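Chains, contacts and geometry: an overview
Given next are the chains, with one letter for each unit.
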Amino acid sequence: TKSQITKQTKNKNPKHPTEEADQPHRINQNQGKMEVSGSSKKMIATQSEMVEAKVPLAYRDQCAHLLIPLNKCRQSEFYLPWKCENERHVYEKCEYELVMERMLQMQKIKEQQQLQHQQSQGQSIPLVAKTANA
């Protein structure tokens, strides 16, 4: 049966705990809760809550627990722009913090790559000989 096949494939490919830490984009599901490794924010909204609230896949991030009440408020207030300002502000602040966190992570990765590149260039033999005047 299908469940036996999935159990067999899960047992054949056990994940090593360090593999998950090496990949910051990996999403782990534990008892309905989702955890995103590499992020300081934890997932609060469960998968079932997001499905029930019809949150689009692109918006199912660490701020989804704030989007659910924001969308309910928007629907109840007929999407009037001056309504639900507090909920919108809290949600947008959460999203901004996630973007800033990703930017800092990317900056660290680029700095590490640049350092590795500089170290590898220092060990190689130059193709053009340097003169005394250069």
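Figured I'd write up the structure that's included with this text. (Residues numbered from 1 in each chain as written. Predicted model: local features only at pLDDT ≥ 70, side-chain atom pairs only at ≥ 80, totals over all residues. Heavy atoms only, no water.)

**Considering the overall build of the protein**
Looking only at helices and strands, the protein features 5 helices and 2 strands. Listed N to C, the secondary structure of the protein is α-α-β-β-α-α-α in terms of helices and strands. For the protein, the proportion of contacts with a sequence separation of at least 24, taken over those separated by at least 6, is 28%. (Helix = DSSP H or I, 4+ residues; strand = E, 2+ residues; numbered from the N terminus. Contact = heavy atoms within 4.5 Å.)

**A closer look at the side chain of aspartate 61**
Residue position: aspartate 61 is located in the loop between α3 (47-52) and α4 (64-76). Although buried, aspartate 61 forms no salt bridge, and the nearest oppositely charged side chain, arginine 102, lies 5.7 Å from it. When sequence neighbours within four positions are dropped, the list of residues in contact with aspartate 61 reads Met43, Glu95 and Leu98. (Buried < 20%, exposed > 50% of the residue type's maximum accessible area, 1.4 Å probe, protein only. Lys, Arg positive; Asp, Glu negative; His and termini not counted. Salt bridge = Lys/Arg side-chain N within 4 Å of Asp/Glu carboxyl O.)

**Concerning the state of the cysteines**
What the rule picks out here adds up to 2 disulfides. There is a disulfide in this structure between cysteine 63 and cysteine 94, and the S-S distance comes to 1.9 Å. Around the S-S axis, the bridge from cysteine 63 to cysteine 94 shows a dihedral of about -85° and counts as left-handed. Of this pair, cysteine 63 sits in the loop between α3 and α4 while cysteine 94 sits in helix α5 (residues 85-123), and the two are 31 residues apart along the sequence. Accessibility expressed as a relative area gives 5% for cysteine 94, which makes it buried. The residue that forms a disulfide with cysteine 73 is cysteine 84, at a sulfur-sulfur distance of 1.9 Å. Taking the torsion about the S-S bond as the criterion, the cysteine 73 to cysteine 84 disulfide, at about -90°, is left-handed. Here the residue cysteine 73 occupies a position in helix α4, and cysteine 84 occupies one in the loop between α4 and α5, the gap between them amounting to 11 residues. An identical accessibility class is assigned to cysteine 73 and cysteine 84; each is buried. Taking only the cysteines that form disulfides and numbering them from first to last, the protein has the pattern 1-4, 2-3. (Disulfide = S-S within 2.5 Å.)

**Things to note about α4**
Look at α4: 19 Å from first C-alpha to last across 13 residues, which is about the 18 Å you get at 1.5 Å a residue. For α4, the full list of buried residues reads Ala64, Leu66, Leu67, Ile68, Leu70 and Cys73. At the exit of α4 stands phenylalanine 78, carrying a positive phi of roughly 60°. (Expected span 1.5 Å × (residues − 1).)

**Comments concerning the pattern of salt bridges**
Across all of its chains, the model carries 3 salt bridges by this definition. Salt-bridge contacts for glutamate 97 lead to lysine 41; the nearest nitrogen and oxygen are separated by 2.8 Å. One end of the pair, glutamate 97, is in helix α5; the other, lysine 41, is in the loop between β2 (33-36) and α3, with 56 residues separating them in the sequence. A salt bridge links arginine 88 to glutamate 92, with the shortest nitrogen-to-oxygen separation between them at 3.8 Å.

**A short note on unusual backbone geometry**
Backbone geometry at tyrosine 79 places phi at a positive 60°, although glycine is not the residue there. If you trace the backbone, tyrosine 79 turns up in the loop between α4 and α5. Under the relative-accessibility criterion, tyrosine 79 is labelled exposed at 54%. Phi at cysteine 84 takes a positive value of approximately 60°, unusual for a residue other than glycine. We classify cysteine 84 as buried; its relative accessible area is 10%.

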